[in-house]
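Close look at the chain arrangement
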Amino acid sequence: MTDDLVVLVDDDGRDAGSAPRLEIHGPDTPLHRAFSLFLFGDDGRLLLTRRALTKITWPGVWTNSCCGHPKPGETYPDAIRRRVQEELGVGVRDLRIALPDFAYRATDFSGIVENEVCPVYVGRIVGNLDPDPSEVMDHQWVEWADYVSAAERTPGLISPWNALQVPQLAGIMDGLLATGQSRAARRTPTAEDTLARVDALLQEEATQLETLWHAAVPTPPVDILGDEDLPGWLRTMLLQGGKRLRPAMCHWGFVAAGGTESDAGYADVVRVAAALETLHIFGLIHDDIMDRSETRRGQPTAHVRAARLHRDAGGDGSAGLFGTSIAILLGDLAHAEADRLADGLPETLRRMWYELTIELIAGQRTDLTGAAAHRRDLDHAITIARLKSGSYTVERPLQLGAEAAGASPDARASLARYGRRIGAVFALRDDYLGIWGDPETTGKPAGDDLRNGKATTVLGLATSALTGPAAAALARVGTEAATEDDITFLQAALTEAGVRDRVEGMIREGVDAAVATLNPAHLEPDGIRGLAAMAERVAWRDR
């Protein structure tokens, strides 16, 4: 079949293309992705299956409930749900990853080699078995302890991957099964719980970074920078607070998809939320350099602070260039730390993380090139808003949280619809604050977006709303011809032309539409309530 493709993997564990499943299996089978599923009934017994005699490899051998291969672009949970339906005619719930890094190589008596990166999952069966006889010739339900004992005594009677997997699962399966009890008996973490754990992890990471840094470079005092080096700067930026919107969205995506505190994926939510906060610092630092921003959160931006330290110390060379260079390094350090946190995530979450970072950088590039080309059109502004703000602030964090919870396709679809709308609302509110925000609250000068000629939705609307002197002033923003009088004049002109009211109306409509997409048939009530509250928080924040 042309769509029966497997995902190839290189020596570093990264995707390396795809190939037809039947064509690659032979004496020199390349490394590729697969999965194993241990499926339990509500009575706690494990479903074993016996491979059909028509199977090319290991025919007639007893093994775990289901195995298969994800297709290109398919997540492991989606592949598992598809394959369980195809092979066994059932569904799966409470899907959790048990051995995220399992891999093996084995040779069948025929000489065919299996060579797989094969994470192991555990789940509960939904529905009545209806096995495909071309895949499964027999099945039985067994006690987990009995199977562990049998695997230890006679490993040659089961599949070679099971002989390797079962000993690794023996010590952790009780805990995994405990998380499969009725959801009412499991605790849903509060947002405060999750954010406290995120802060604790950020503290731990900052301490580890400082230890590593000072082992590699001279101890303070540091030339020009004084007593505090870059890791100390980064620690301060990470722990000074902020809105923590991205961790909160991760949390509510997890809860809405049915995740609980005892789930294995909860630790992944905390880790990826910490990674998002660290990546956000990278984005802020580099964005401030590109926008030539003087303040951030009411404090001098990193490049401004470093330049002042250079001047105060009477340093050689250009203070401005020194400040920019130090800030770039600080941003790079934040990015490195974010990636280090993400390295500890399961493969599916790492893949989403990589896509998120590419989108963020692509959005920044689009912003820069559009500004240079004097783009003011609404389509361009919406593209930038989605890539730079909406995606990595709302959509991707929700997706990451839902994936960690093993969300169903319906749950993910509902969250995706909400995320797109609230992502757009977040960007609109950013645009609003960039023109009419209170500097005492936002920590940035009023009208900064106008001053820099940023391609925002407000400017896209303004292009068709303003005429005469206001249109002429709008044409000057972002250029050397613009003056501070132009900025003040435009703030008032946009309000008089109804643009301010229109933006607020679009925000209100976006919130209402987003909350309406939260389907109670597929999402948990606690999560729906949390996401509805987050929508209001995002829409009407003052910084």
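Preceding this section is the structure that the text describes.
Report on the accompanying structure. The shown structure was predicted, so the numbers you read here are calculated from the model rather than taken from an experiment.

Some thoughts on the packing of helix α14 (residues 409-436) against helix α17 (residues 457-465)
As a packed pair, α14 and α17 sit with axes 8 Å apart at the nearest point and diverge in direction by 70 degrees. Between α14 and α17, the angle falls in the class roughly perpendicular. Note on element contacts: α17 touches α14 through Thr457, Val458 and Leu459, opposite Leu428, Asp431, Tyr432, Ile435 and Trp436. Here the residues of the contact of α14 with α17 sort into six nonpolar, one polar and one charged.

Notes on the packing of aromatic side chains
A complete count under the given rule lists eight aromatic pairs for this structure. Note on Phe40 and Trp144: the rings are 6.2 Å apart at their centroids and 65 degrees apart in plane angle, and the pair reads as edge-to-face. Of the two residues, Phe40 is situated in strand β4 (residues 35-40) and Trp144 in helix α3 (residues 144-153); the sequence distance between them amounts to 104 residues. Residue classification places Phe40 among the buried residues on the basis of a relative accessible area of 0%. In this structure an aromatic cluster arises from ring pairing among Trp58, Phe102, Tyr104 and Trp161. Between the NZ or CZ atom of Arg246 and the centre of the ring of Tyr392, over which it lies, the distance is 4.8 Å. Here the guanidinium or amino end of Arg305 rests over the ring plane of Trp233, the centre of that ring lying 4.1 Å away.

Observations regarding unusual backbone geometry
Of note, the phi angle at Asp94 is positive, near 50 degrees, even though the residue is not glycine. For Asp94, the position within the fold is in strand β8 (residues 91-99). Phi at Ile224 is positive, roughly 70 degrees, even though this residue is not glycine. Assignment of secondary structure puts Ile224 in the loop between α6 (191-216) and α7 (230-239).

Focus: the environment of His380
Along the chain, His380 turns up in helix α13 (residues 378-404). For the pair His380 and Thr366, spaced 14 residues apart in the sequence, the C-alpha separation amounts to 8.5 Å. The residues contacting His380, other than those within four sequence positions of it, are Thr366, Gly370, Arg375 and Ala455.

Side note on the pairing of strand β9 (residues 103-107)
Residues Tyr104 and Ala106 line the buried face of β9, whereas the alternating positions Ala103, Arg105 and Thr107 sit on a face that is not buried. Pairing of β9 with strand β10 (residues 113-117), which is carried by five bridges, proceeds in the antiparallel orientation. Counted as the bridge partner of Arg105 is Asn115 from β10. The hairpin formed by β9 and β10 contains five residues between the paired strands, and Gly111 there has a positive phi angle of roughly 100 degrees.

Brief notes about helix α19 (residues 484-496)
Its 13 residues give α19 an end-to-end C-alpha distance of 19 Å, which sits within 8% of 18 Å, the value for a rise of 1.5 Å per residue. Against α14, α16 (448-452), α17, α18 (468-476) and α20 (499-516) lie the buried residues of α19.

A look at α13
If you look at α13, its biggest bend is around 65 degrees, right at Ser391. When you tally the buried positions in α13, you get 20 out of 27 residues, the bulk of the element. Just past α13, the residue Gly406 takes up positive phi, approximately 70 degrees.

Parameters and conventions
- Residues numbered from 1 in each chain as written.
- Predicted model: local features only at pLDDT ≥ 70, side-chain atom pairs only at ≥ 80, totals over all residues.
- Heavy atoms only, no water.
- Axes fitted to C-alpha atoms, helices over the stretch in contact; angles between N-to-C directions.
- Helix = DSSP H or I, 4+ residues; strand = E, 2+ residues; numbered from the N terminus.
- Parallel < 35°, antiparallel > 145°, perpendicular 65-115°, else oblique.
- Contact = heavy atoms within 4.5 Å.
- Nonpolar A, V, L, I, M, F, W, Y, C, P; charged D, E, K, R; others polar.
- Phe/Tyr/Trp six-rings, centres within 6.5 Å; stacked < 30°, edge-to-face > 60°.
- Buried < 20%, exposed > 50% of the residue type's maximum accessible area, 1.4 Å probe, protein only.
- Lys NZ or Arg CZ within 6 Å of the ring centre and 35° of its normal.
- Pairing = 2+ DSSP bridges.
- Expected span 1.5 Å × (residues − 1).
- Bend = angle between axes of the 7 residues up to and from the residue.

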